[in-house]
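Coordinate analysis (summary)
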Amino acid sequence: MSIYTKLIFHIVFSTHNRKPTLRKSDRSILFSYITGILKNKKCHLYQINGVEDHIHILTHIHPTIPLASLVKDIKLASISLIKEEGIFPNFDGWQDGYGGFTVSEKEKSGLIRYIENQEEHHREIDFLDEYREILIENGIEFDPKYLL
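Residues numbered from 1 in each chain as written. Predicted model: local features only at pLDDT ≥ 70, side-chain atom pairs only at ≥ 80, totals over all residues. Heavy atoms only, no water.

Re the environment of phenylalanine 9
Looking at where phenylalanine 9 falls in the secondary structure, it is placed in strand E1 (residues 7-14). As for phenylalanine 9 and proline 20, which are separated by 11 residues in sequence, their C-alpha atoms are 24 Å apart. Here phenylalanine 9 is in contact with Ile57, Leu58, Thr59, Ile61, Leu67, Gly100, Phe101, Thr102 and Val103, once residues within four sequence places are set aside. (Helix = DSSP H or I, 4+ residues; strand = E, 2+ residues; numbered from the N terminus. Contact = heavy atoms within 4.5 Å.)

Details of the pattern of salt bridges
This structure, assessed with the given rule, holds 9 salt bridges. The salt bridge involving lysine 6 is made with glutamate 105; its shortest N-O contact spans 2.9 Å. Note that lysine 6 is positioned in the segment before E1 and glutamate 105 in helix H3 (residues 105-116), a separation of 99 residues in sequence. Judged by relative accessible area, which is 45%, lysine 6 ranks as partly exposed. Within the structure, one salt-bridge network assembled from shared partners comprises Lys24, Arg27, Glu52 and Glu119. (Salt bridge = Lys/Arg side-chain N within 4 Å of Asp/Glu carboxyl O. Buried < 20%, exposed > 50% of the residue type's maximum accessible area, 1.4 Å probe, protein only.)

Right under this line is the structure:
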């Protein structure tokens, strides 16, 4: 028998201390690099985007790849890229932790649009409020002191 899976995850993580260092002019370099990482790991990227202080990734994860390992690899490799290429000069790394939320096929297209429109969305809401909303929508209990 074959293995059939569709493990779609919405991954969110921020810059260290949510410092606004991801300049718009260079984000496409970062996003292309992360796209390559996902392809190499046999994941299918649906959408990636972000603003100055965080990014969102919507991807189908290959069943042999643990989410925590994938996020760790993305963070470590992207830090190397940022340093080697000299993009985002004030970047101090990624914040510890991440959000990883399962997404159904039915939710996917709406979430793609949401991620595409991050700049517009963040004219009205900051990252911390957005992240709280995502946690609540996903039924995740959290201690607000760990969101700082």
